[in-house]
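Coordinate inspection notes
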Amino acid sequence: PGDPGIRVKFARAGEVPVGEDAYYYATVSADDATFDVPGKANKGIPAGQYKVTVLVGAAGEGAGGKGPPRGGPPGAGAPSMDGKEVAIKDVTVPEGGVTDLVIPIDAK
């Protein structure tokens, strides 16, 4: 209940600086296909390189909802606890943040 079935995950590329998290999840609005990444204490995420992954499916359940979730190598599209990968994009978040990031998803 309340899970839109869409997750957007920002994972730090390379070494994670001391005191920063390795990844951040976005708050997704399925109604208008937008997302916001609040980061720690709602201050956004630190500037740097990120691998952004869009995942679909109920949280904690493998794609298709049957049986336990299965992991797989990143980028393989295998279902995980976060769902099934449908898009991956490398992005650079500048010091001032990003307000217009578009992540295209191919309909299959």
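Scroll up for the structure.
Residues numbered from 1 in each chain as written. Predicted model: local features only at pLDDT ≥ 70, side-chain atom pairs only at ≥ 80, totals over all residues. Heavy atoms only, no water.

1. Re the pattern of salt bridges
One pass over the structure, following the stated rule, counts four salt bridges. In this structure, the salt-bridge partner of Asp-90 is Lys-51, at a minimum N-O distance of 3.0 Å. With Asp-90 in strand β6 (residues 84-93) and Lys-51 in strand β5 (residues 48-56), this residue pair connects regions lying 39 residues apart in the sequence. Among the residues examined, Lys-51 registers a relative accessible area of 39% and is labelled partly exposed. (Salt bridge = Lys/Arg side-chain N within 4 Å of Asp/Glu carboxyl O. Helix = DSSP H or I, 4+ residues; strand = E, 2+ residues; numbered from the N terminus. Buried < 20%, exposed > 50% of the residue type's maximum accessible area, 1.4 Å probe, protein only.)

2. Remarks on the pairing of β5
Each regular strand carries side chains that alternate between the two faces of the sheet. Alignment of strand β1 (residues 6-12) against β5, held across seven bridges, turns out to be antiparallel. Across the sheet, residue Lys-9 finds its bridge partner in β5, namely Thr-53. (Pairing = 2+ DSSP bridges.)

Any functional reading would require information beyond the geometric quantities listed.
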